[in-house]
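Structural overview for review
Each chain, letter by letter, is given below.
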Amino acid sequence: MARVYNFSAGPAVLPEEVLKEAAEEMMDYRGCGMSVMEMSHRSKMYDDIITTAEADLRKLLSVPDNYKVLFLQGGASLQFAAVPMNLMKNKKAGYIVTGQWAKKARAEASIYGDAVELASSADKTFSYIPEVDDLPITDDMDYVYICENNTIYGTKYQNLPNTKGKDLVSDVSSCFLSEPMDVTKYGVVYGGVQKNIGPAGVVINIIREDLIREDCLEGTPTMMKWKTQADNGSMYNTPPCYGIYICGKVFKWILDMGGLEVMKERNVKKAKLLYDFLDNSRLFRGTVVKKDRSLMNVPFVTGNDELDARFVAEAKEAGLENLKGHRSVGGMRASIYNAMPLAGVEKLVAFMEDFESKNS
Ligand SMILES: *Cc1c(COP(=O)(O)O)cnc(C)c1O
């Protein structure tokens, strides 16, 4: 068995401890004679799994009692529609456009109402986070929407926008559980789990209770009403059982490591190593405004497409996989989520140093 260092943006690296434990439990989950994939979601066994997962997530984020935690399907992208369907009473909301995911979310919301662009960083290929202290938010807006960490471009909000009293909705897919987060500052936080938490397909929503209501937009499917899912403990229908089980293991892994403060420390250390190298390199450079840099996704280029392609190919040979940048931006991108060990980033930087000395 040979594991590589996997810098994929998602689906992405998971902790080896979690994978091993899941493998050990595959044939016979804790003496019940079947795998978690094969058991009824209504069984006592499974009830323990989902209840413990929720309790551990609540512990990690100190989720207040007046917020519901939902484990849903359809990935983050289905929530692009669910957000307006559940929240757009006035059929108007404000969107800050900081990349492809925010753009897609806004386009989806436009199907249901007026999704006003409050600010955008499209003018400089999303390489920064716009000023968000005094946005043109109007009284009739139902919410303000952000994508907090921009997976493709490698930017992150260092400060949340001034929403002028409106509820903040945040897509945290690629920074979920990478550092502590004050849930009370949000109306809704949601994220696809395949970046930092588990297998693709599961999306976790944390929603303030008063935003969960019966009167969704006309025509909202039963399955997409948050109320349906909240009233049924995320089990209105069969949930993505196995995915939630793996998420639960990752929550335990983070708790065992010491929680989100420790995650942040580890992530800062890894990112600093890479950014410091980029800032001093003769060959490589980061593509993002320094103050807005993400701890999770680090895009960089040499400035020469041919050299970029060779770097990606040679890195793969050396066991450093999935370093190719997103097809919309080119260059390279190293995603260094929670489960990427420091040793992986050290090996990447050493490889970059070597490549630099041979090619500049
Ligand atoms: C990956 C990603 C998505 C899309 O997730 P899916 O689960 O594939 O729908 C949305 N938002 C952000 C920030 C992402 O990184």
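See the structure printed just above.
What counts and what doesn't
Residues numbered from 1 in each chain as written. Predicted model: local features only at pLDDT ≥ 70, side-chain atom pairs only at ≥ 80, totals over all residues. Heavy atoms only, no water. Helix = DSSP H or I, 4+ residues; strand = E, 2+ residues; numbered from the N terminus. Rg over C-alpha atoms; globule rule 2.2 N^0.38 Å. Buried < 20%, exposed > 50% of the residue type's maximum accessible area, 1.4 Å probe, protein only. Contact = heavy atoms within 4.5 Å. Areas by Shrake-Rupley, 256 points an atom, 1.4 Å probe, with all protein chains shown as cover. Lys, Arg positive; Asp, Glu negative; His and termini not counted. Charge placed at Lys NZ, Arg CZ, Asp CG, Glu CD. Pairing = 2+ DSSP bridges. Axes fitted to C-alpha atoms, helices over the stretch in contact; angles between N-to-C directions. Phe/Tyr/Trp six-rings, centres within 6.5 Å; stacked < 30°, edge-to-face > 60°.

**Some points on the overall build of the chain**
When you go through the chain residue by residue, the secondary structure sums to nine helices and 14 strands. Its C-alpha radius of gyration of 21 Å places the chain within 12% of the 21 Å reference for a compact globule of 360 residues. Principal-axis analysis of the C-alpha atoms places the extent of the chain at approximately 65 × 60 × 30 Å. A buried classification covers 56% of the 360 residues belonging to the chain. Counting only contacts in the chain whose residues sit at least 6 apart along the sequence, the fraction spanning at least 24 positions is 68%. Accessible surface, the chain: about 15700 Å² in total, of which carbon and sulfur atoms supply 49%. Across the chain, the 43 positively charged side chains and the 49 negatively charged ones have centroids separated by 2 Å.

**Here's the deal with the sheet that holds strand 11 (residues 285-286)**
Ordered in space as 11-12-14, the three strands form an open sheet in which the pairing is antiparallel. Unpaired on one side and paired on the other, strand 11 and strand 14 (332-335) mark the two borders of the sheet. Sheet topology places strand 11 next to strand 12 (residues 297-301); two bridges connect them, and they run antiparallel. Among the inter-strand pairings, Arg 285 is bridged to a residue of strand 12, identified as Val 301. Against the sheet, helix 7 (residues 260-280) engages strand 11, strand 12 and strand 14, with an angle of about 20 degrees to strand 12.

**Focus: the packing of aromatic side chains**
On inspection of all chains with the given rule, the structure shows 14 aromatic pairs. With 6.3 Å between their ring centres and 50 degrees between their planes, Phe 277 and Phe 284 make a pair best called tilted. Accessibility expressed as a relative area gives 10% for Phe 277, which makes it buried. With a relative accessible area of 2%, Phe 284 lands in the buried category.

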